[in-house]
Amino acid sequence: NAGVTQTPKFQVLKTGQSMTLQCAQDMNHEYMSWYRQDPGMGLRLIHYSVGAGITDQGEVPNGYNVSRSTTEDFPLRLLSAAPSQTSVYFCASSATLRGTSGGNEQFFGPGTRLTVL
Amino acid sequence: LAKTTQPISMDSYEGQEVNITCSHNNIATNDYITWYQQFPSQGPRFIIQGYKTKVTNEVASLFIPADRKSSTLSLPRVSLSDTAVYYCLVGPIKAAGNKLTFGGGTRVLVKP
């Protein structure tokens, strides 16, 4: 299993440009999420999904869109990039949310380092 | 949503035991305590999870007192490669979305 993969690893954008950060997982996990991490800070939740076709906002959703058409993929779209969106973006997934067995261990991707000029 | 408080940073030396305490005074009955480790330029990695008393795995131990208002992550005999940021999270066993919140974490520096 490749786990959680993210592309690209690095990206530089100009203010106003749009782009999509890709995230895929091959573990058949229901739950996927996007976080951003600013230098020296903890992770903040942007958007999350509890299954295909279901998404919801996290703590800092403004300026970002998501969709979940398949279990495997959860792309994050920046609509009009701003310098305040310069950050490292992490995608994560975890297993089924149903039942009482198992924990809520999240598996994280390697991250995408985004700079907006 | 249980708020967590942990020290901003800790220094240690190789071979020593490192104990990081996390306070979570308003932990709910169905909340579990989970710890993650993050190395520079990498995503966080799950270390350990527990509900009460003590949990041990090959990496760490987690001590949770009876009142569950705090927990302590114990890293035995640390090495330089244990230098990382450690996050304490509190939430339901099947938490999703805003019930899984990362705080600022504890930056652990292991010195030779």
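Residues numbered from 1 in each chain as written. Chains lettered and ligands numbered in written order. Predicted model: local features only at pLDDT ≥ 70, side-chain atom pairs only at ≥ 80, totals over all residues. Heavy atoms only, no water.

Draft legend 1. Layout of the overall build of chain B. The secondary structure content of chain B amounts to 0 helices and 9 strands. Sequence-ordered secondary structure for chain B, helices as α and strands as β, is β-β-β-β-β-β-β-β-β. Scaling as 2.2 N^0.38, a compact globule of 112 residues should have a C-alpha radius of gyration of about 13 Å, and chain B matches this with 13 Å. With an accessible surface of roughly 5500 Å², chain B has 52% of that area assigned to carbon and sulfur atoms. Counting 11 positive and 7 negative side-chain charges, chain B places the averaged centre of each group 9 Å from the other. (Helix = DSSP H or I, 4+ residues; strand = E, 2+ residues; numbered from the N terminus. Rg over C-alpha atoms; globule rule 2.2 N^0.38 Å. Areas by Shrake-Rupley, 256 points an atom, 1.4 Å probe, with all protein chains shown as cover. Lys, Arg positive; Asp, Glu negative; His and termini not counted. Charge placed at Lys NZ, Arg CZ, Asp CG, Glu CD.)

Draft legend 2. Quick look at the sheet that holds strand β1 (residues 9-13) of chain B. Residue and element names in this part refer to chain B. Pairing is mixed in the open sheet, where 5 strands are placed in the order β1-β9-β8-β3-β4. The outermost strands of the open sheet, each flanked by one partner alone, are β1 and β4 (45-50). The sheet shows a mean angle of 25° between the axes of neighbouring strands, taken without regard to direction. Here strand β3 (residues 31-38) runs beside strand β8 (residues 84-92); their pairing, made up of 8 bridges, is antiparallel. Each residue of the ladder has a partner; that of Thr-34, found in β8, is Leu-89. (Pairing = 2+ DSSP bridges. Axes fitted to C-alpha atoms, helices over the stretch in contact; angles between N-to-C directions.)

Draft legend 3. Seen up close, the environment of Pro-83 of chain A. All names here are of chain A. In this fold, Pro-83 is placed in the loop between β8 (76-78) and β9 (87-94). Sequence separation between Pro-83 and Ser-93 is 10 residues, and the spatial gap between their C-alpha atoms is 27 Å. Beyond its immediate stretch of four places on either side in the chain, Pro-83 contacts Thr-15 and Val-116. (Contact = heavy atoms within 4.5 Å.)

Draft legend 4. Focus on the state of the cysteines. Taken as a whole and judged by the stated rule, the model has 2 disulfides over all chains. Across a sulfur-sulfur distance of 1.8 Å, Cys-23 of chain A and Cys-91 of chain A are joined as a disulfide pair. With the S-S dihedral at roughly -70°, the linkage between Cys-23 of chain A and Cys-91 of chain A falls on the left-handed side. Note that Cys-23 of chain A is positioned in strand β3 (residues 19-25) and Cys-91 of chain A in strand β9, a separation of 68 residues in sequence. According to the relative accessible area criterion, Cys-23 of chain A is buried, its value standing at 1%. Here Cys-22 of chain B engages in a disulfide with Cys-88 of chain B; their sulfurs sit 2.2 Å apart. Here Cys-22 of chain B and Cys-88 of chain B share a disulfide; its torsion about the S-S bond, -80°, makes the bridge left-handed. Here Cys-88 of chain B lies in strand β8 and Cys-22 of chain B lies in strand β2 (residues 18-23), a separation of 66 residues in the sequence. Overall, the relative accessible area of 0% leaves Cys-22 of chain B in the buried class. Looking at Cys-88 of chain B, the relative accessible area reads 0%, which means it is buried. (Disulfide = S-S within 2.5 Å. Buried < 20%, exposed > 50% of the residue type's maximum accessible area, 1.4 Å probe, protein only.)

Draft legend 5. Focus on the nonpolar core. Among the nonpolar cores identified, the biggest contains 20 residues, and Ile-20, Ile-33, Trp-35, Ile-47, Leu-73, Leu-75 and Tyr-86 of chain B are the most heavily contacted of them. Elements supplying a minimum of two residues to this core: β2, β3, β4, β6 (61-64), β7 (70-75), β8 and β9 (106-111) of chain B. If one sorts the elements of this core by residue count, β8 of chain B sits on top with 4 residues. Of all hydrophobic cores here, the second largest spans 19 residues; its members include Leu-21, Cys-23, Val-66 and Phe-74 of chain A. (Core = buried A, V, L, I, M, F, W, Y, C linked by side-chain atoms within 4.5 Å.)

Draft legend 6. Representation of the side chain of Arg-68 of chain A in the model. Residue and element names in this part refer to chain A. Locating Arg-68 in the fold gives a position in the loop between β7 (64-66) and β8. Put simply, Arg-68 is tucked away with no salt bridge, and the nearest opposite charge, on Glu-72, sits 7.4 Å away. Once residues lying within four places of it in the same chain are set aside, the contact partners of Arg-68 are Gln-25, His-29, Glu-30, Met-32, Ser-49, Val-50, Gly-51, Ala-52, Gly-53, Thr-55, Asp-73 and Phe-74. (Salt bridge = Lys/Arg side-chain N within 4 Å of Asp/Glu carboxyl O.)

Draft legend 7. Looking closely at the pattern of salt bridges. Residue and element names in this part refer to chain A. Tallying each qualifying case throughout the model produces 3 salt bridges over all chains. A salt bridge links Asp-38 to Arg-44, with the shortest nitrogen-to-oxygen separation between them at 2.7 Å. Here Arg-44 falls in the partly exposed class, since its relative accessible area comes to 29%. Taken together, the salt bridges that share partners define one network made up of Arg-36, Asp-38 and Arg-44.

Draft legend 8. A look at unusual backbone geometry. Here the bond from Thr-7 of chain A into Pro-8 of chain A is cis, since omega is -10°, no more than 30 degrees from zero. Locating Pro-8 of chain A in the fold gives a position in the loop between β1 (4-7) and β2 (10-13). At Thr-53 of chain B, a position not held by glycine, the phi torsion is positive, near 55°. If you trace the backbone, Thr-53 of chain B turns up in strand β5 (residues 53-56). You will see that Arg-77 of chain B, though not glycine, has its phi angle at about 45°, which is positive. Relative to the elements of secondary structure, Arg-77 of chain B occurs in the loop between β7 and β8.

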